[in-house]
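Analysis of the macromolecular model
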Amino acid sequence: MDVSELLTETYDRLPGLVRAAVQGLSPEQLRHEIAPGHNSIGWLVWHLTRVQDHHVADVLDAEQIWVSGDWAHRFGLTADPDDTGYGHSPAQIARVRPENAQALVDYYGAVASRTGKFLAGLGPADLDRVVDEGWDPPVTLGVRLVSIAEDDLQHVGQAAYLRGLLGTG
């Protein structure tokens, strides 16, 4: 298996996990916090999608899907390219209000499609390219892609767990 196939295999698992975490949930269930100030299912899936969109757009030197479409409106937000949810306060978490589960699935699908096209063209040498000098050691493309996948997998697992607490399966 080459590196492109390995990364594609990893990232191709995420759309189904995202769909399973949110499908059939009402807007109220998507926004439900198990305790005040805690992340909701909708926030978790929005956040994991925003991080992937933000980071992949950065390495592509392209505009984020969040900014180029009507996505923000579907979440009750503005199209701020810097807002990925990182460091959100409880009030900011509560402002993420997906109109429905399909908004989450659709936004993740658009981001995943671009990510998949990008991954398909990668070779082993591409992964050594430094994409962020702001860290010591500098972050390579390979490290960034693993970091995105790790963040996405953690958050979609959290969303699935919260779904279970709602008693919806």
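Anyway, here's the lowdown on the structure attached to this text.

1. Digging into unusual backbone geometry
With an omega dihedral of 5°, the bond running from aspartate 136 to proline 137 counts as a cis peptide bond. Turning to its location among the elements, proline 137 is positioned in the loop between β1 (130-132) and β2 (139-140). Even without glycine at this site, aspartate 61 takes up a positive phi of about 55°. Note that aspartate 61 resides in the loop between α4 (41-60) and α5 (65-68).

2. Structural notes on the nonpolar core
Among the nonpolar cores identified, the biggest contains 46 residues, and Val22 and Leu145 are the most heavily contacted of them. Residue assignment for this core shows that the elements contributing at least two residues are α1 (3-12), α2 (14-22), α4, α5, α6 (71-74), α8 (101-120) and α9 (141-165). When residues of this core are assigned to their parent elements, the largest contribution, 10 residues, is made by α8.

3. Some remarks on the packing of aromatic side chains
Counted by the stated rule, this structure contains six aromatic pairs. Geometrically, the ring pair formed by tryptophan 43 and tryptophan 46 is tilted, given 6.4 Å between the ring centres and 55° between the ring planes. Residue tryptophan 43 and its partner tryptophan 46 are located together in helix α4, separated by three residues, close to a single helical turn. For the pair tryptophan 43 and tryptophan 46, a shared accessibility class is recorded, and that class is buried. Ring centres of tryptophan 66 and tyrosine 107 lie 5.3 Å apart, and the angle between their planes is 50°; this geometry places the pair in the tilted category. With a gap of 41 residues between them, tryptophan 66 in helix α5 and tyrosine 107 in helix α8 connect regions that are remote in the sequence. Taken individually, tryptophan 66 and tyrosine 107 each receive the classification buried, so the pair is uniform in this respect. Taken together, the ring pairs in this structure connect Trp43, Trp46, Trp66, Trp71, Phe75 and Tyr107 into an aromatic cluster.

What counts, and at which threshold
Per-chain numbering applies: the sequence of each chain, read as written, is numbered from 1 onward. Local features are withheld for residues below a pLDDT of 70 in this predicted model, meaning they are given only at 70 or higher, and side-chain atom pairs are given and counted only at 80 or more; totals for whole chains, interfaces and linings count all residues. To get the side-chain values, all heavy atoms of the structure are used, and hydrogens and water are removed first. A run of DSSP states H or I qualifies as a helix once it reaches four residues; a run of E qualifies as a strand once it reaches two. Both are numbered from the N-terminal end. Residue types Ala, Val, Leu, Ile, Met, Phe, Trp, Tyr and Cys, when buried and joined through side-chain atoms within 4.5 Å, form a set referred to as a nonpolar core. Only protein chains enter the area calculation, which uses a 1.4 Å probe; residues under 20% of their type maximum are buried, those over 50% are exposed, and those in between are partly exposed. Centres within 6.5 Å are what make two rings of Phe, Tyr or Trp a pair, Trp counting through its six-membered ring; a difference in plane orientation under 30 degrees is then read as stacked, over 60 as edge-to-face, and the rest as tilted.

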